[in-house]
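This is what each chain is made of:
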Protein chains: 2
Amino acid sequence: MIRVLLAEDQALVRGALKALLEMEGDIVVVGEAARADEVVPLARETQPHVALLDIELPGGSGLIAAAALRESLPECRVVMLTTFGRPGYVQRALAAGAHGFLLKDAPAAELAVAIRRVLQGQRVVAPDLALMALQEGPSPLTQRESEVLAAAAGGATTADISASLHLSEGTVRNHLSSAIQKLGARTRTEAVRIAKERGWL
Amino acid sequence: MIRVLLAEDQALVRGALKALLEMEGDIVVVGEAARADEVVPLARETQPHVALLDIELPGGSGLIAAAALRESLPECRVVMLTTFGRPGYVQRALAAGAHGFLLKDAPAAELAVAIRRVLQGQRVVAPDLALMALQEGPSPLTQRESEVLAAAAGGATTADISASLHLSEGTVRNHLSSAIQKLGARTRTEAVRIAKERGWL
DNA sequence: GTTTCGGCATGACAGTTGTCACGGCGAGCG
DNA sequence: CGCTCGCCGTGACAACTGTCATGCCGAAAC
């Protein structure tokens, strides 16, 4: 039997995925987590062969959970599961030690296939996503630019950002201006949208 | 047997929900739609007792599909299913003729229960959502304000909005200013964020 | 029939934002 | 070492944004 840990914040989807997996016969869901910080303790307790992690989880992202899992249970394979094909996520997920990366857009039959492949040591990435990831490349933003842009995402003003990051307003505007140019945007708002679409935020 | 139509854009989630429902024994999924505009034709063909509609669907929202379904198959009950508890959605969904409104946060067991209740003529709304909907009330924005705010959501400038809605720039700024005040925001970006959170966009 | 409200518009104003030029500091590199 | 690059800052300027006062129009409400 393949022992699977399931991390997904929406209970209904989590329950449905469990039903789907257990229809396979040779798969059993040994643990269910709704938050990122529940993953490692639960994995220690249940010793799964594979952890299926949603990338967007409360209590820290699935990426953090994947890295933590890699530390404490190196034997456990990690498959990331996510809604949007943000290409930036793929690189970050693989860097965090994930063995597979699936979209929720994929057909249901593919899930069990992916789990078996990953258990055999293969890396499984949704093909169109892999392509996109190669095309887009990694984020062109420096760390500071990302921070400033992230702070601007919620609608904060320049003054708000400068206060929260302990920078001068002029510097904040410079970083934003740089990010706007790199992303081909015309306003900070547009830059935020583009960065989010690409998974760079 | 209860005949169910399933509309959900993410194939994996759709397949998983189907597996969950069919575990019940007395429920059969007779149709699966990935887009809003597939719902009515598919329903005509498959004659379901209940349609389970995600609110966020490509090809028009689930709200539109619900209203169209109410027109062409009045016998068919409608249950909306959504990710976020945007209170504004509840009112709009009920106005569109939905009989139930569930969150994907709800426990998996609740889904079948809700379907059976709705079939018996009851209205089923997730209790915490109903409360929030009453607290928040409907959107305070006029139609024009909503349109302008929606156009601003993607990062468009005042000039862009005025062009796409055939208004003067001054008028756009007035509508935005009004929306910003009504929402208690300080910038258009913040107003967009607040309106989205409340389901008013 | 007068009042109220939403929509549309103009003009003016202060404040914010995006850009540019310029300089300084520290880290990595040939 | 000199060079580049990221980071931080300043000052200045044009453009954009948010607000306000004021006005006109049509529809709904009293």
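The structure this text deals with has already been given above.
Residues numbered from 1 in each chain as written. Chains lettered and ligands numbered in written order. Predicted model: local features only at pLDDT ≥ 70, side-chain atom pairs only at ≥ 80, totals over all residues. Heavy atoms only, no water.

**Section: the interface of chain A and chain B**
Note the threshold: Only heavy atoms enter the contact rule, under which two residues are in contact if any of them lie within 4.5 Å. By definition, the buried area sums, over both parts, the 1.4 Å-probe accessible area that each loses when the two are put together. The salt bridge definition used is simple: a Lys or Arg side-chain nitrogen within 4 Å of an Asp or Glu carboxyl oxygen. Per the convention used, a helix needs a DSSP run of H or I reaching at least four residues, while a strand needs a run of E reaching at least two, with both numbered from the N terminus. Each residue is assigned to one of three groups, with Ala, Val, Leu, Ile, Met, Phe, Trp, Tyr, Cys and Pro labelled nonpolar, Asp, Glu, Lys and Arg labelled charged, and all others, Gly among them, labelled polar.
The interface of chain A with chain B comprises 30 residues on the first partner and 30 residues on the second. Across the chain A to chain B interface the summed buried area is about 2,300 Å²; carbon plus sulfur atoms make up 65%. When the buried area of chain A at its contact with chain B is split by residue, Gln10, Leu12 and Lys104 of chain A rank highest and sum to 26% of it. The tally of links between chain A and chain B comes to two salt bridges. Asp160 of chain B is the salt-bridge partner of Arg186 of chain A, the closest N and O atoms lying 2.6 Å from each other. Secondary structure elements with two or more residues in the side of chain A that touches chain B: α1 (11-22) and α10 (188-198) of chain A. Sorting elements by how many residues they give to the side of chain A that touches chain B places α1 of chain A first, with eight residues. Residue classes in the side of chain A that touches chain B are distributed as 15 nonpolar, eight polar and seven charged.

**Points about the relation of the copies chain A and chain B**
The cut-off we apply is this: The fit set for superposing copies consists of C-alpha atoms from residues with pLDDT of at least 70 in both; the fit itself is least squares.
Taken as rigid bodies, chain A and chain B are interconverted by a rotation of 180° and an axial shift of 0.1 Å, the fit giving an RMSD of 0.2 Å. This pairing of chains is accounted for by a two-fold axis. Judged by C-alpha distance, Ala16 of chain A is the residue of chain A that lies nearest the rotation axis, at 2.3 Å. Comparing interface residues between copies, 100% of those in chain A also sit at the interface in chain B, which points to an isologous, same-surface contact.

**Looking at the pairing of strand β4 (residues 77-82) of chain A**
Residue and element names in this part refer to chain A. Quick reminder of the rule: We call a residue buried when its accessible area falls under 20% of the maximum for its residue type, exposed when it is over 50%, and partly exposed in between, using a 1.4 Å probe and counting protein chains only. Think of it this way: DSSP has to see at least two bridges between two strands before they count as a pair. Note on handedness: a clockwise path from strand one over the helix to strand two, with the strands aimed away from the viewer, defines a right-handed crossover.
Counting buried positions along β4 gives five out of six residues, so the element sits mostly inside the fold. Two elements, strand β3 (residues 50-54) and β4, share five bridges in a ladder whose sense is parallel. Residue Val50 lies in a different strand from β4, and its bridge partner there is Arg77. Remark: the β3/helix α3 (residues 62-72)/β4 crossover connection has right-handed handedness. Pairing between β4 and strand β5 (residues 100-103): four bridges, direction parallel.

**Digging into the protein's contact with DNA strand C**
Going by this rule: Here a residue is near a molecule or strand as soon as one of its heavy atoms is found within 4 Å of it. In protein, a polar contact requires one atom able to donate a hydrogen and another able to accept it; more generally it is a pair of N or O atoms within 3.5 Å, and residues adjacent in sequence count only if both atoms are side-chain atoms.
Taken together, 18 residues sit near DNA strand C, with Thr158, Ser177 and Arg188 of chain A together with Thr142 and Arg144 of chain B positioned nearest. For DNA strand C, the backbone portion of the atoms within 4 Å of the protein, that is sugar and phosphate, comes to 70%. One nitrogen or oxygen atom from the side chain of Asn174 of chain A is found 3.0 Å from a base nitrogen belonging to DNA strand C. The separation between a base nitrogen of DNA strand C and a polar side-chain atom of Arg173 of chain B is 3.4 Å. Going through the elements one at a time, α9 (169-182) of chain A together with α7 (143-153) and α9 (169-183) of chain B are the ones with two or more residues in the surface near DNA strand C.

**Points about the protein's contact with DNA strand D**
With respect to spatial proximity, 18 residues lie near DNA strand D, and among them Thr142 and Arg144 of chain A together with Thr158, Ser177 and Arg188 of chain B are the closest. Each atom of DNA strand D within 4 Å of the protein was classed as base or backbone; sugar and phosphate made up 68%. Contact between DNA strand D and Arg173 of chain A: a base nitrogen at 3.4 Å from a side-chain N or O atom of the residue. Between DNA strand D and Asn174 of chain B, the relevant distance is 3.0 Å, taken from a base nitrogen to a side-chain nitrogen or oxygen of the residue. Mapped onto the surface near DNA strand D, the elements with two or more residues apiece are α7 (143-152) and α9 of chain A together with α9 of chain B. At five residues, α9 of chain A tops the list of elements feeding residues into the surface near DNA strand D. Among the residues making up the surface near DNA strand D, the classes are represented as one nonpolar, 13 polar and four charged.

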